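What follows is the residue order along each chain.
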Amino acid sequence: MTPQEAVKELMDGNKRYLSDQSEHPNRNLERRQELTDAQAPFAVVVSCSDSRVAPEIIFDQGLGDLFVVRVAGNVISETELESIKYAALYLKSSTILVMGHENCGAVDTVIQNNTKDIPEITKLIYPAVKRAKQKNTSDLLKRSIQINAINMANILTQSPDLQPLMRSKKISINAAYYDLKTGSVKILN
Ligand SMILES: [Zn+2]
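Conventions we followed
Residues numbered from 1 in each chain as written. Predicted model: local features only at pLDDT ≥ 70, side-chain atom pairs only at ≥ 80, totals over all residues. Heavy atoms only, no water. Donors = N, O, S within 2.8 Å, 3.2 Å for Na, K, Ca; no water. Buried < 20%, exposed > 50% of the residue type's maximum accessible area, 1.4 Å probe, protein only. Pairing = 2+ DSSP bridges. Helix = DSSP H or I, 4+ residues; strand = E, 2+ residues; numbered from the N terminus. Axes fitted to C-alpha atoms, helices over the stretch in contact; angles between N-to-C directions. Contact = heavy atoms within 4.5 Å. Phe/Tyr/Trp six-rings, centres within 6.5 Å; stacked < 30°, edge-to-face > 60°. Expected span 1.5 Å × (residues − 1).

A. Representation of the coordination of the zinc ion. Protein coordination at the zinc ion comes from Cys48 (SG), His101 (NE2) and Cys104 (SG), with a distance range of 2.1 to 2.3 Å. Ordering the donors of the zinc ion by residue number gives the pattern C-x52-H-x2-C. No difference in accessibility class separates His101 from Cys104, as the two residues are buried.

B. Highlighting the sheet that holds strand 4 (residues 172–178). Overall, mixed pairing links the 5 strands, which are arranged 2-1-3-4-5 in an open sheet. For this open sheet the edge positions go to strand 2 (66–70) and strand 5 (185–187), each flanked by a neighbour on one side alone. Strand-to-strand twist across the sheet, computed as the mean angle between neighbouring axes with direction ignored, equals 25°. With respect to the sheet, helix 1 (residues 3–18) is in contact with strand 1 (43–47), strand 2, strand 3 (95–101), strand 4 and strand 5, its orientation differing from that of strand 3 by roughly 35°. Seen against the sheet, helix 4 (residues 78–90) touches strand 1, strand 2 and strand 3 and runs at an angle of roughly 175° to strand 2.

C. Representation of the packing of aromatic side chains in the model. Using the criterion set out here, one finds 2 aromatic pairs in the structure. Note on Phe67 and Tyr86: the rings are 6.1 Å apart at their centroids and 50° apart in plane angle, and the pair reads as tilted. Of this pair, Phe67 sits in strand 2 while Tyr86 is found in helix 4, placing the two residues 19 residues apart along the sequence. By relative accessible area, Phe67 is classed as buried at 15%. Judged by its relative accessible area of 40%, Tyr86 is partly exposed. An aromatic cluster of at least three residues, connected via ring pairs, comprises Phe67, Tyr86 and Tyr90.

D. Main features of helix 7 (residues 140–157). Between the first and last C-alpha of helix 7 there are 25 Å, a value that for 18 residues agrees with the 26 Å anticipated at 1.5 Å per step. When we look at burial in helix 7, the residues that qualify are Leu141, Ser144, Ile145, Gln146, Ile147, Asn148, Ala149, Met152, Ala153 and Leu156. Buried positions along helix 7 lie against helix 4, strand 3, helix 5 (105–111), helix 6 (119–134) and strand 4.

What is shown is where atoms sit, not what they do.
So, in structure tokens, the structure goes:
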């Protein structure tokens, strides 16, 4: 699958989901058994641990389709980066989507400066909040969430291990924003 085809597959699944037409593909016994020895997920999705943003549901995908990295605030530290690189380098995934979401509690906690329990996550999110404040936006939370997703995608595009895959057009890297109410995912970059 090319990166363009992979992004289209995600977006087509999201369209089915948001219009309540989900097909729930690749969730049967046959699919489970054909995946026993190997997996080849076409996309990596980095999303928040938030219970409302499960990628397999939002993109209407099934077993073996998505390599998912979930962590509060969809932040990427060294551990997450290694997981993502594994999928890109060894499982040959064609696209990586870093997805922030509406009303992200992790980002809001940083805005509220109530961060004593999440120092590591805060360190990673804080630059986005600082940047959003400089922009004097009317919706600080939404803008911070979007900038955070873009910042995390930028960590990936700057990875020396991922850059050759991008240059040879084997993989694409995007940031996205998920709207809780409508269910829509919009690419940000
Ligand atoms: Zn969140």
